[in-house]
Amino acid sequence: MQRRWIIVGSIMMLLAVAIGAFGAHIVKTRIDADALAVYETSVKYHMIHAVGLLIIALAAGQWGASTRLKWAARLLFTGIILFSGSLYVLSLTGIRVLGAITPLGGVCFIAGWLLLALAARGLKKED
C-alpha cells in the first residue's frame with residue numbers, strides 16, 4: 001500500500017505543479033479573472049490533497065496498511081479527480097453543469113481526512 005500511494009501521490013503532485021505552471025503562464029492570458037480564481041482554487045486543493053496521499057502512504061508504512069487508510073487514500077484521490085478536475089474543466093470551458101460534480105469531490109476529501117483521523121485514533125497508545 002505504501003509504495004502504491006507514494007507513487008500516486010507523487011504523480012498527483014507532479015501534475016499539480018505542471019497544471020499550476022500551465023495556468024500561470026498560458027491560461028491566465030486566455031480566461032477572465034473569475035475563471036482564473038476557480039483554476040487557482042483547483043490547483044490549491046489538488047496540491048494539498050496530493051500531499052495528503054503522501055501522508056497516508058507514510059502512515060501506512062509506519063502503522064501498517066489498514067482498510068481505513070486504503071479508503072482514505074482512495075477518497076482523496078477520487079476527490080482530486082472530481083473536485084479539482086471539474087473545476088479545471090469549468091474554468092477552461094465555462095461548462096457550468098460540471099459545478100454539480102465539485103461538491104462530490106469535496107465530500108470525498110472530508111471523508112478521506114476523517115478516515116485518516118479514525119485510523120490514527122484506532123492505534124494502540126504508546127506508553
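Above this text you will find the structure in question.
Everything numeric here is computed off the predicted structure, so don't read it as measured data. (Residues numbered from 1 in each chain as written. Predicted model: local features only at pLDDT ≥ 70, side-chain atom pairs only at ≥ 80, totals over all residues. Heavy atoms only, no water.)

Here's the deal with the overall build of the chain
Turning to step 1, where the next piece is worked out: Of the regular secondary structure elements, the chain holds four helices and zero strands.
Turning to step 2, where the next piece is worked out: Reading the chain from its N terminus to its C terminus gives the helix and strand order α-α-α-α.
Turning to step 3, where the next piece is worked out: Principal axes of the C-alpha set define a box for the chain whose edges measure 55 × 25 × 20 Å.
Turning to step 4, where the next piece is worked out: Counting the 127 residues in the chain, one finds 35% classified as buried. (Helix = DSSP H or I, 4+ residues; strand = E, 2+ residues; numbered from the N terminus. Buried < 20%, exposed > 50% of the residue type's maximum accessible area, 1.4 Å probe, protein only.)

Focus: the nonpolar core
Where a protein is soluble and globular, its nonpolar side chains tend to be buried together.
Turning to step 1, where the next piece is worked out: Judged by nonpolar contacts, the single largest core of 19 residues is most densely connected at L53, I56, L69 and I80.
Turning to step 2, where the next piece is worked out: Looking at this core, the elements with two or more residues in it are helix 1 (2–25), helix 2 (33–63), helix 3 (67–93) and helix 4 (102–121).
Turning to step 3, where the next piece is worked out: Leave out the neighbours within four places in its chain, and L53 touches W5, V8, G9, M12, A73, L76, F77 and I80.
Turning to step 4, where the next piece is worked out: V27, A35, L36 and V43 belong to the second largest nonpolar core, which has seven residues in total. (Core = buried A, V, L, I, M, F, W, Y, C linked by side-chain atoms within 4.5 Å. Contact = heavy atoms within 4.5 Å.)

Some thoughts on the packing of helix 2 against helix 4
Turning to step 1, where the next piece is worked out: Remark: helix 2 packs on helix 4, axes separated minimally by 11 Å, with the N-to-C direction vectors making an angle of 25 degrees. One way to sum up the angle between helix 2 and helix 4 is to call them roughly parallel. The hand of the helix 2/helix 4 crossing is left-handed. Contacts between helix 2 and helix 4 involve Y45, H49, G52, I55, I56 and W63 from the first element and F109, W113, L116, A119 and A120 from the second.
Turning to step 2, where the next piece is worked out: Taken together, the residues of the contact of helix 2 with helix 4 break down into nine nonpolar, two polar and no charged. (Axes fitted to C-alpha atoms, helices over the stretch in contact; angles between N-to-C directions. Parallel < 35°, antiparallel > 145°, perpendicular 65-115°, else oblique. Left-handed = near helix turned anticlockwise from the far one by under 90°. Nonpolar A, V, L, I, M, F, W, Y, C, P; charged D, E, K, R; others polar.)

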